[in-house]
Amino acid sequence: MNRLLRRSTLALLAAACLVLTGCAGTAEDTSSPSGATDGVRGELTVYAAASLAGAFDAIGEAFMAENPDVRFRPVYDGSSTLVTQILEGAPADVFASADEANMEKAADVVAEPVLFASNTLVIVVPSGNPGDVEALVDLADVTTVLCAPEVPCGAASATLLSAAEVTVDPASLEQNVTAVLTKVAASEADAGLVYATDVIGRDDVEVIVPDGADEVVNHYPIAVLSDAPNATAAEAFVAFVRSDAGRSILADFGFGAP
C-alpha cells in the first residue's frame, strides 16, 4: 500500500472512530504509540564537529526510528570550517560544535545554545609505538601532527602543551581531528593529539593518557539555526540529543557529561 493511500485509509478510520465511538484522544495528545511526534518530518540537516560523527550517526538512527518521516542528513567537519559555512548561508538546521568558542562565532544566527557533552585529549601513536612515545614531552622529538589552532582540538592541544611547557613543531596542522587520527593510523606520523572518543574501538593505534588531560576539557554546545529550514525537526533533534536516550548513546561513544 503506498503512503498516500495508507494515510487516506488511516484518516477515514480516525473519522469513523470519532463519529461512532468517540475514541479519539484530546487535541493535546501529540505523540503516537511509537514515540513519533506529530509534525516532525522532512529533511533534517545537522552540521556537527568531526569528533561527533560516530555518536551522531547512532543518534540519528535512533531519532529516525522514533520519527520515521524524518531524513537525517549529517555534515561532519572541523567546527571552525562548519561555522564558516553556516555564516556564508549553508542551509543547516542544527549546529553542534566541539567547543564554545566556535559556537560563539555563530551567535547571531543560532538560537540559545545548550551544552550536551564533554571530551578530553589523548596522545595517539601507530600500533607498536615506533617513536617510543610515553608522555607529552616526547612529542617534541618525534614526527607529530596536530589540529590547526582555530579548530577546537587544536586550541585544546595548545592549552595542554603549554601547561606542560612542551613546544612542538608539528609536521602538519589538520582542519579536523579525524585527519590527525588518519595520519597517525597510517604511520605518516609518530604521534598526534586527538579526543579520547576518537580512539574507542580502534586497533590500529595505541593510546596514552597524558598528565593534565583532565584539566583541559572541551564542552560541546548544540543549537538550532535561527533560520532553520526545518525548525520543528531541529528542535526535536536537540531535545533528543539531550534526552536520556541521547545521553546514553553519547556515553557509549565515550563522551562525558556537559
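The preceding data block contains the structure.
Here's what I pulled together on the structure shown here. (Residues numbered from 1 in each chain as written. Predicted model: local features only at pLDDT ≥ 70, side-chain atom pairs only at ≥ 80, totals over all residues. Heavy atoms only, no water.)

1. Let's talk about the overall build of the protein chain
Now for step 1: If you tally the helices and strands in the protein chain, you get 8 helices and 10 strands.
Now for step 2: Pairs at least 24 apart in sequence give 78% of the contacts found in the protein chain among residues at least 6 apart.
Now for step 3: With the model as given, the accessible surface of the protein chain reaches about 12700 Å², and the carbon-plus-sulfur share is 52%. (Helix = DSSP H or I, 4+ residues; strand = E, 2+ residues; numbered from the N terminus. Contact = heavy atoms within 4.5 Å. Areas by Shrake-Rupley, 256 points an atom, 1.4 Å probe, with all protein chains shown as cover.)

2. Examining the state of the cysteines
Now for step 1: Going through the model one piece at a time under the given rule, you end up with 1 disulfide.
Now for step 2: There is a disulfide in this structure between Cys-147 and Cys-153, and the S-S distance comes to 1.7 Å. A torsion of -100° about the S-S bond marks the disulfide between Cys-147 and Cys-153 as left-handed.
Now for step 3: Take Cys-147: its relative accessible area is 3%, and that puts it in the buried class. (Disulfide = S-S within 2.5 Å. Buried < 20%, exposed > 50% of the residue type's maximum accessible area, 1.4 Å probe, protein only.)

3. Details of the packing of aromatic side chains
Now for step 1: Applying the stated criterion to the full structure yields 8 aromatic pairs.
Now for step 2: Consider the rings of Phe-63 and Phe-237, whose centres lie 5.4 Å apart with planes at 90°: the pair is edge-to-face. Residue Phe-63 is found in helix α2 (residues 53-66), and its partner Phe-237 is found in helix α7 (residues 231-241); the two are separated by 174 residues along the sequence. For the pair formed by Phe-63 and Phe-237, the shared burial category is buried. (Phe/Tyr/Trp six-rings, centres within 6.5 Å; stacked < 30°, edge-to-face > 60°.)

4. With respect to the pairing of strand β6 (residues 144-147)
Now for step 1: Across the two faces of β6 the burial is the same, with Thr-144 and Leu-146 and Val-145 and Cys-147 all buried.
Now for step 2: Pairing of β6 with strand β8 (residues 191-195) involves 2 bridges; the strand directions are parallel. Paired with Thr-144 across the bridge in β8 is Ala-191.
Now for step 3: Tracing the backbone out of β6, into helix α5 (residues 152-163) and back to the parallel element strand β7 (residues 172-174) gives a crossover that is right-handed. (Pairing = 2+ DSSP bridges. Right-handed = clockwise from strand over helix to strand, strands pointing away.)

5. A word on unusual backbone geometry
Now for step 1: Although it is not a glycine, Asp-132 adopts a positive phi angle of roughly 50°.
Now for step 2: As for its placement among the helices and strands, Asp-132 is situated in the loop between β5 (121-126) and β6.

6. Regarding the side chain of Ser-97
Now for step 1: For Ser-97, the location among the structural elements is in the loop between β3 (94-96) and α4 (100-105).
Now for step 2: Exposure remark for Ser-97: the relative accessible area of 0% places this residue in the buried category.
Now for step 3: Side-chain polar atoms of Ser-97 contact the backbone oxygen of Asp-99, separated by 2.7 Å.
Now for step 4: Those residues in contact with Ser-97 that lie beyond four places of it in its chain are Ala-49, Ser-79, Asn-102, Met-103, Tyr-220 and Pro-221. (Polar contact = N/O pair within 3.5 Å; in protein donor to acceptor, adjacent residues only side chain to side chain.)

7. As for the layout of surface pockets
Now for step 1: Of the pockets and cavities examined, the second largest pocket occupies roughly 180 Å³.
Now for step 2: Ala-50, Ser-51, Gly-54, Thr-197 and Asp-198 are, among the 13 residues lining the second largest pocket, the residues nearest its centre.
Now for step 3: Of all the secondary-structure elements, those providing two or more residues to the lining of the second largest pocket are α2 and α6 (177-185).
Now for step 4: Per-element tally for the lining of the second largest pocket: the top contributor is α2, with 3 residues.
Now for step 5: Looking at the lining of the second largest pocket residue by residue, the classes come out as 7 nonpolar, 4 polar and 2 charged. (1 Å grid on protein atoms, 1.4 Å probe; cavity = no way out; pocket = protein on both sides within 12 Å on 5 of 7 lines; lining within 4 Å. Points joined across faces, edges and corners; volume = space filled by probe spheres on them. Nonpolar A, V, L, I, M, F, W, Y, C, P; charged D, E, K, R; others polar.)

8. A look at the pairing of strand β1 (residues 42-49)
Now for step 1: Counting buried positions along β1 gives 6 out of 8 residues, so the element sits mostly inside the fold.
Now for step 2: Bridging between β1 and strand β2 (residues 70-77) involves 8 bridges; their strand directions are parallel. Considered in β2, the bridge of Ala-48 is made with Tyr-76.
Now for step 3: Crossover connection from β1 via α2 to parallel β2: handedness right-handed.
Now for step 4: Sheet topology note: the β1/β3 ladder contains 3 bridges and is parallel. Within β3, the position partnered with Ala-48 by the bridge is Ala-96.

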